[in-house]
Amino acid sequence: MFPLYISNSIFLSYCMKNAHEFDDIVEAFGWEDIRYVGPTPRMHVYKRVWTANEGPLSEFIYYHHEMVLIKEFPEKVILFCEVPPPEGGETPIAPSFRVTERMLEEYPEMVEEMERKGLRYTFMALSKNDTSSMRGRGWEDAFGTSDCVEAEKS
């Protein structure tokens, strides 16, 4: 039995054996599919099922905002494990609103300054994919274009 995680809820009553069955469950909820945009190299498995990361297993995955490079952030991040790794493989999740609450408590001046000045993310990447890196997806693949101007509009 593989768990289906949705936000802070865990649904263990679903017995999914593979990506096809997982996609069927997700499809039954009627949730909209979105295109992945980001630096992580991922492989398409089936319909809306993608691998989490095809980077080297020796590299640590730091806390990050999923899909931070798109204007419309995902309302849901749904995880499925078909083949568990021999060791490790945990997916720690930190809700951003909790991080913000803690920052407001401990660093109110810094939060106020970010609100006043704004916050801008910069995505630095090679143009082509580099499978030897955890962040090995090049910007051309990530944004689906080889035109710098089009990529910057995303």
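Residues numbered from 1 in each chain as written. Predicted model: local features only at pLDDT ≥ 70, side-chain atom pairs only at ≥ 80, totals over all residues. Heavy atoms only, no water.

Draft legend 1. Molecular detail of the confidence of the model for the protein. Mean pLDDT for the protein: 77, with 86% of residues reaching 70 or above. For the protein, per-element mean pLDDT is lowest for strand β1 (residues 4–6), which scores 47, and highest for helix α3 (residues 108–117), which scores 94. Taken as a whole, residues 1–9 scores under 50 in pLDDT and shows 30 contacts with residues more than four places along the chain or in a different chain. (pLDDT = per-residue confidence, 0-100. Helix = DSSP H or I, 4+ residues; strand = E, 2+ residues; numbered from the N terminus. Contact = heavy atoms within 4.5 Å.)

Draft legend 2. Structural view of the pattern of salt bridges. According to the stated counting rule, one finds six salt bridges in the structure shown. For Arg 48, the salt bridge identified is with Asp 23, shortest N-O distance 3.8 Å. With Arg 48 in the loop between β3 (44–46) and β4 (49–50) and Asp 23 in helix α1 (residues 19–29), this pair connects stretches of sequence that are 25 residues apart. Residue Asp 23 is classed as buried on the basis of its relative accessible area of 1%. Glu 112 is the partner of Arg 116 in a salt bridge, and the nearest nitrogen-oxygen pair spans 3.9 Å. Highlighted residues: Arg 116 and Glu 112, both in helix α3, separated by four residues, approximately one helical turn. One network of salt bridges, with partners in common, ties together Asp 23, Glu 27 and Arg 48. (Salt bridge = Lys/Arg side-chain N within 4 Å of Asp/Glu carboxyl O. Buried < 20%, exposed > 50% of the residue type's maximum accessible area, 1.4 Å probe, protein only.)

Draft legend 3. Spotlight on the nonpolar core. The biggest cluster of nonpolar side chains holds seven residues, and these are Met 16, Ala 19, Phe 22, Ile 25, Val 26, Trp 31 and Val 49. Sorting elements by how many residues they give to this core places α1 first, with four residues. Residue contacts for Ala 19: discarding those within four places in its chain leaves Val 45, Tyr 46, Val 49, Phe 80 and Glu 82. Within the second largest apolar cluster, five residues are counted, among which are Val 37, Trp 139, Ala 142 and Ala 151. (Core = buried A, V, L, I, M, F, W, Y, C linked by side-chain atoms within 4.5 Å.)

Draft legend 4. Molecular detail of the environment of Glu 140. Mapping Glu 140 onto the fold places it in helix α4 (residues 139–143). A residue is classified by how much of its surface remains accessible, and Glu 140, at 19% relative accessible area, is buried. Measuring from C-alpha to C-alpha, the distance between Glu 140 and Lys 128 comes to 6.5 Å, with 12 residues separating the pair along the chain. Residue contacts for Glu 140: discarding those within four places in its chain leaves Ser 127, Lys 128, Thr 145 and Ser 146.

Draft legend 5. Fine view of unusual backbone geometry. Unlike most non-glycine residues, Lys 47 shows phi in positive territory, near 45°. By the secondary structure assignment, Lys 47 is in the loop between β3 and β4. Judged by its relative accessible area of 51%, Lys 47 is exposed.

Draft legend 6. Seen up close, α1. Ala 19, Phe 22, Asp 23, Ile 25 and Val 26 are the residues of α1 that are buried. Angularly, the buried residues of α1 cover 160° about the axis, an arc narrow enough to put them on a single face. Remark: Gly 30 follows α1 within two positions and exhibits a positive phi of approximately 75°. (Arc of directions from axis to C-beta.)

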